[in-house]
Protein chains: 2
Amino acid sequence: MTVSKRLAGVLAPAVTPFKRNLTPDGARYVSHCKWLLSHGCSGLAVFGTNSEANSLSVEERMVLLETLVQEGVPADALMPGTGCCSLTDSVRLTSHAVALGCAGALMLPPFYYKGVSDEGLYRNFAEVIERVGDTRLRVYLYHIPPVSQVPITLGLIERLLKHYPGTVAGVKDSSGDWSNTKTMLDAFAKSGFDVFAGSEVFLLDNMKNGGVGCITATGNINPGAIDRLFRGWQGADAAELQKNVTATRNLMQKYPMMAALKAVIAHYGRDPEWVTVRPPLVELTPAQSRSLTAELEAIGFDMPGLVIASATATA
Amino acid sequence: MTVSKRLAGVLAPAVTPFKRNLTPDGARYVSHCKWLLSHGCSGLAVFGTNSEANSLSVEERMVLLETLVQEGVPADALMPGTGCCSLTDSVRLTSHAVALGCAGALMLPPFYYKGVSDEGLYRNFAEVIERVGDTRLRVYLYHIPPVSQVPITLGLIERLLKHYPGTVAGVKDSSGDWSNTKTMLDAFAKSGFDVFAGSEVFLLDNMKNGGVGCITATGNINPGAIDRLFRGWQGADAAELQKNVTATRNLMQKYPMMAALKAVIAHYGRDPEWVTVRPPLVELTPAQSRSLTAELEAIGFDMPGLVIASATATA
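Residues numbered from 1 in each chain as written. Chains lettered and ligands numbered in written order. Predicted model: local features only at pLDDT ≥ 70, side-chain atom pairs only at ≥ 80, totals over all residues. Heavy atoms only, no water.

(A) Seen up close, the sheet that holds strand β4 (residues 139-143) of chain B. Residues and elements named next belong to chain B. The strand order β2-β1-β7-β6-β5-β4-β3 describes an open sheet built from seven strands, whose pairing is parallel. With one partner strand each, in any of the chains shown, β2 (43-44) and β3 (105-107) form the two edges of the open sheet. Pairing of β3 with β4 involves three bridges; the strand directions are parallel. In the strand pairing of β4, Ala105 is matched with Val139. (Pairing = 2+ DSSP bridges. Helix = DSSP H or I, 4+ residues; strand = E, 2+ residues; numbered from the N terminus.)

Right, here's the structure in full:
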């Protein structure tokens, strides 16, 4: 039984391409994931929020994950999202990820019922860990209250760490609230609990305070610059690197993020089909797309090597 | 191809029993559903919010639905919840329900992403209807913003009714806001769009304004009294009947609803295993259970015939 290295650095919640008929597009997916890993991402948090993971069935996720591994994406660079509303779905996806050799599993809390107790959330995560029953499992808790509406509290983390040390490996904090990330770092980072910021906007602060990197939507389009900040956070130009990646992020955040990411990939990859999203999302309007790409061109943004990767996918 | 009668009256989102190991308990489920249909419910909105439907996998829901029909619960009394976050899951469950002959499908909007557009929600429902592609399909839209956080707006209903008349059959309004239900009734009831109140608290008002009944959590334990109000809403004692069912509802609402419903069934059915819920829910504490049942006894509440039904399930 091999225990893989722990992930650190810049992870992208790889966006999931769909064909026009809304089925997942395995070839474009593999191509995009390989481009990310060769252009700055040290890992991929596939099936995150920005991957439209919750618009996919359990089977669709499993097939896509198997496709990645079969096509040569290293499993020890993968941290698939496996937390579902249904306990049995979470167990199935998490077991599948562990069996494939994935580095970790990024777990949303069950997110349908609101106002649930920490006791209920503890039981959910504990039940998944017990049922998967594999020492290779590393759980990264996914705190994203603006979307899930169900928070991962400090008390819950503390209790899970106490009962499942080693297995409960870290957190992605997508609260958008630096003070919350700081509190998590202060409470748990020294004990080997890996805190990923949920946006590169907080990457420098996260590294200065004991964090291990970021898992960020815009890692899908700007992995090189974010990785340079990750690697150079102790350097003289770190503040300047931070300022630059923040500017790109802020520009993207003026648009609906998932549709905007796909519009940017379609534009720089010269591959119009990439814009497709599943309902309830909608693609950008032509005017939005033009405005977004014009703004990116204006700041000198680029995605080197993307056209070649796209050509491979389409071939 | 048979088109079944349209449902009206009191529908319960039948609670889903679990064994101690958290697997769904088919025998107790059939028994409970049959008790409901013989004690006041004219239909069952199985796999609703209070059924812990979103804590079940797609396969678990399909097996339970097939079990009901195989065990003699009439399919034309069933309105299963089939709306999921994933388009492909919604299509699969809705097709399955139609194939079994169910009277309708109660559809949540995809509820993970927040702040989505009506255009995106329209595409979701339209895509499900087109892909199921069966004239027997009747869609009931499920508006429950306190839980889903994704509303079904009047504009969305209007657009769906225009494009899919007959197929888009009605709504369950669980907003908890009578003025919203009234607005839906005023806008759509005359055209044959069936408005179910999401709580018996609004049943009399709903009937007076052209609604067709209610789909209510407490239908699981108090179907007889709610049905008497439904049948007698034009009678002299309607206000008194309303007052009584509202009192029971208000008493129940002091406790976490799903755990409370199961505690009441366990108590009156003399079947302790019924209290089991799946995480992230937790069962009532012993003190809460004692307090709840004492309050119910004090107002003369009963569930006639439940012990016999439970004995059948356990045998």
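(B) Just the relation of the copies chain A and chain B, in detail. Between the two copies, chain A and chain B, the superposition gives an RMSD of 0.0 Å; the rotation angle is 180° and the shift along the axis is 0.0 Å. Taken together, the turn and the small shift mark the pair as related by a two-fold rotation axis. Ranked by how close their C-alpha atoms come to the rotation axis, the residues of chain A are headed by A:Tyr112, at 4.0 Å. (Least-squares fit on C-alpha atoms with pLDDT ≥ 70 in both.)

(C) Representation of the pairing of β4(B) within the structure. All names here are of chain B. For β4, the buried fraction is high: five of the five residues fall into the buried class. Side-chain alternation along β4 places Val139, Leu141 and His143 on one buried face and Tyr140 and Tyr142 on a second face that is also buried. Chirality of the crossover, the property in question, places the unit of β3, helix α4 (residues 118-132) and β4 among those that are right-handed. (Buried < 20%, exposed > 50% of the residue type's maximum accessible area, 1.4 Å probe, protein only. Right-handed = clockwise from strand over helix to strand, strands pointing away.)

(D) Inspection of helix α3 (residues 87-99) of chain B at higher detail. Residues and elements named next belong to chain B. With 13 residues, α3 ought to run about 18 Å at 1.5 Å a step, and its terminal C-alpha atoms sit 18 Å apart, in line with that. Restricting attention to buried positions, one finds in α3 the residues Leu87, Asp89, Ser90, Val91, Leu93, Thr94, His96, Ala97 and Val98. In this fold, the buried residues of α3 make contact with α2 (58-70), β3 and α4. Positive phi appears at Gly101, one or two residues downstream of α3, with a value of about 90°. (Expected span 1.5 Å × (residues − 1). Contact = heavy atoms within 4.5 Å.)

(E) Fine view of the pairing of strand β5 (residues 168-173) of chain B. All names here are of chain B. In terms of burial, β5 is largely enclosed, as six of its six residues are buried. Looking at chain direction, β4 and β5 are connected through five bridges and run parallel. Looking across to β5, one finds that Tyr142 is bridged to Lys172. The pairing of β5 with strand β6 (residues 194-197) spans four bridges and is classified as parallel. Residue pairing across strands places Lys172 opposite Phe196, the latter belonging to β6.

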